[in-house]
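Chain and residue survey
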Amino acid sequence: MRRVRSLFLKIFLAFWLTTALGGLALVIATALTQPEPFWQYVTGEASTADVRAALEALERGGAEPLARHLEQVRVDRGVRIFVFDAAGREVTGQEVPRFVQGLARREVGADQQELVVNAQDAPALALRLVTSESGATYKVVLWNPRFRSDRFRISPEALLVRALVVVFVSAVVCYALA
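This structure is a prediction, so every number in the text was calculated from the model and none was measured. (Residues numbered from 1 in each chain as written. Predicted model: local features only at pLDDT ≥ 70, side-chain atom pairs only at ≥ 80, totals over all residues. Heavy atoms only, no water.)

1. Considerations on the pairing of strand S3 (residues 125-131)
Short version of the rule: Exposure classes here rest on a 1.4 Å probe applied to the protein chains alone. A residue is buried below 20% of its type maximum, exposed above 50%, and partly exposed in between. Runs of E in the DSSP output that reach at least two residues are strands. Runs of H or I that reach at least four are helices, and both are numbered from the N terminus. For two strands to pair, DSSP has to find at least two bridges joining them.
Most of S3 is tucked away, with five of its seven residues classed as buried. Both S3 and strand S4 (residues 137-143) contribute to a ladder of seven bridges, which runs antiparallel. When the sheet's bridge partners are listed, Ala 126 is paired in S4 with Leu 142. The hairpin turn running from S3 into S4, its antiparallel successor, is five residues long, and Gly 135 in that turn takes a positive phi close to 100 degrees.

What follows is the structure, given as structure tokens:
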């Protein structure tokens, strides 16, 4: 009779300890693999570097290399970038949503380099007035079309890492208690 109680206690403790440590491992893995929020991207160095690289591509090779660079940024970061010349035309010829065109028509002074807008049909936009190395001035609009789902969007790689961490922690706990 004594042996059964010990086995029950062992299984009970193994289950709850594994559940607790697996949950903790999942929380830690989630925190470490969380994608960067759009507002941090817009106000940080990454967006500045992406915009500078886009303008360099435009000035070196024209609209086609710029379009390739903007597509790469869209794939890598989930952000669409639109570059408008002084006449207000989008330089790559890509289709521009109405709310992006409306934002690009706004006046942005030297003291107001960046404007972030949150609206119902344009959840995350930023407007920047940028001067290239050649001295040409461009208005650059950054748009995150999936702004509302950013918190819940997860890459397959991050999901795999999280699942492996939980399985590993569970296996270690079960082995230690066996």
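So much for the structure itself; the text now carries on.
2. Let's talk about the packing of aromatic side chains
Filter applied, for reference: Pairing of aromatic rings covers Phe, Tyr and Trp, the last counted by its six-membered ring, and requires centre-to-centre distances within 6.5 Å; plane angles under 30 degrees mean stacked, over 60 mean edge-to-face, and any other angle means tilted.
Per the counting criterion, the structure on display carries three aromatic pairs. Note on Phe 82 and Trp 143: the rings are 6.5 Å apart at their centroids and 25 degrees apart in plane angle, and the pair reads as stacked. Of the two residues, Phe 82 sits in strand S1 (residues 80-84) while Trp 143 sits in strand S4, which places them 61 residues apart along the sequence. Residue Phe 82 shares its accessibility class with Trp 143, and that shared class is buried. Where Phe 99 meets Trp 143, the ring centres are 5.1 Å apart and the plane angle is 80 degrees; that geometry is what we call edge-to-face. Of this pair, Phe 99 sits in helix H5 (residues 98-104) while Trp 143 sits in strand S4; the two residues are 44 residues apart in sequence, bridging distant segments of the chain. Owing to a relative accessible area of 11%, Trp 143 belongs among the buried residues under this scheme. Members of the aromatic cluster, connected to one another through ring pairs, are Phe 82, Phe 99 and Trp 143.

3. Some thoughts on helix H4 (residues 63-77)
An α-helix turns once every 3.6 residues. As a result, residues three or four positions apart point the same way. Applicable threshold: Helices are assigned an expected span. That span is 1.5 Å times one less than the residue count. By construction, the arc corresponds to the directions joining the helix axis to the C-beta atoms.
For H4, with 15 residues, the first-to-last C-alpha span of 21 Å sits near the 21 Å given by 1.5 Å per residue. Residues Leu 66, Leu 70 and Val 73 constitute the buried set of H4. Looking straight down H4, one finds its buried side chains confined to an arc of 55 degrees; they lie on one side. Opposite the buried face of H4, at more than 90 degrees from it, the exposed residues are Glu 64, Arg 68, Val 75 and Asp 76. Just beyond H4, the residue with positive phi is Gly 78, at close to 75 degrees.

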